[in-house]
Amino acid sequence: MPSKLPHYALRIPTPTMDKLKYIAEYNGRSANKEIEQLILAHIAKFEKEHGEINLDGFSPRSKS
């Protein structure tokens, strides 16, 4: 069954993606999960510095 989670196409240089895949494999993750963990860490750091993000009334420029 296909995932109903939002998809996002990421364009990055091949050497960067290869390094990310290396790190992901080292951590026992897929590249997708490695990216997800990096994003979650970035959000946590932002919220630690600026407070919890409240999405009430927030409308992203793009729905994708």
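Refer to the structure above for everything that follows.
Small disclaimer: the values here were computed from a predicted structure and weren't measured.

J.: What should I look at first to understand the overall build of the protein in this one?
T.: Within the protein one finds two helices and zero strands. Taken over C-alpha atoms, the radius of gyration comes to 15 Å for the protein, far larger than the 11 Å a tight globule of 64 residues would show. Its C-alpha atoms give the protein principal-axis dimensions of about 40 × 30 × 25 Å. Looking at the protein residue by residue over its 64 residues, the buried ones come to 6%. Carbon together with sulfur atoms contributes 57% to the accessible area of the protein, which is approximately 6500 Å² in total.

J.: Just to check I follow, could you spell out the pattern of salt bridges for this structure?
T.: A side chain of one charge can pair with a side chain of the opposite charge when the charged atoms of the two come close. Within the structure shown, the criterion is met by three salt bridges. A salt bridge links Lys33 to Glu36, with the shortest nitrogen-to-oxygen separation between them at 2.9 Å. With a gap of three residues between them, Lys33 and Glu36 both fall in helix α2 (residues 31-50), about one helical turn apart. Taking relative accessible area as the criterion, Lys33 reaches 41% and is therefore assigned partly exposed.

J.: How should the layout of surface pockets be read in this particular structure?
T.: A water-sized probe, rolled over the atoms, reveals where empty space remains. Its volume calculated, the largest pocket comes out at about 690 Å³. Along the walls of the largest pocket sit 13 residues, with Pro6, His7, Tyr8, Asn32 and Ile39 positioned nearest its centre. Here the lining of the largest pocket is composed, by residue class, of seven nonpolar, four polar and two charged. For the second largest pocket, the full set of lining residues is His42, Ile43, Phe46, Ile53 and Leu55. In terms of residue class, the lining of the second largest pocket is made up of four nonpolar, one polar and no charged.

Cut-offs and rules
Residues numbered from 1 in each chain as written. Predicted model: local features only at pLDDT ≥ 70, side-chain atom pairs only at ≥ 80, totals over all residues. Heavy atoms only, no water. Helix = DSSP H or I, 4+ residues; strand = E, 2+ residues; numbered from the N terminus. Rg over C-alpha atoms; globule rule 2.2 N^0.38 Å. Buried < 20%, exposed > 50% of the residue type's maximum accessible area, 1.4 Å probe, protein only. Areas by Shrake-Rupley, 256 points an atom, 1.4 Å probe, with all protein chains shown as cover. Salt bridge = Lys/Arg side-chain N within 4 Å of Asp/Glu carboxyl O. 1 Å grid on protein atoms, 1.4 Å probe; cavity = no way out; pocket = protein on both sides within 12 Å on 5 of 7 lines; lining within 4 Å. Points joined across faces, edges and corners; volume = space filled by probe spheres on them. Nonpolar A, V, L, I, M, F, W, Y, C, P; charged D, E, K, R; others polar.

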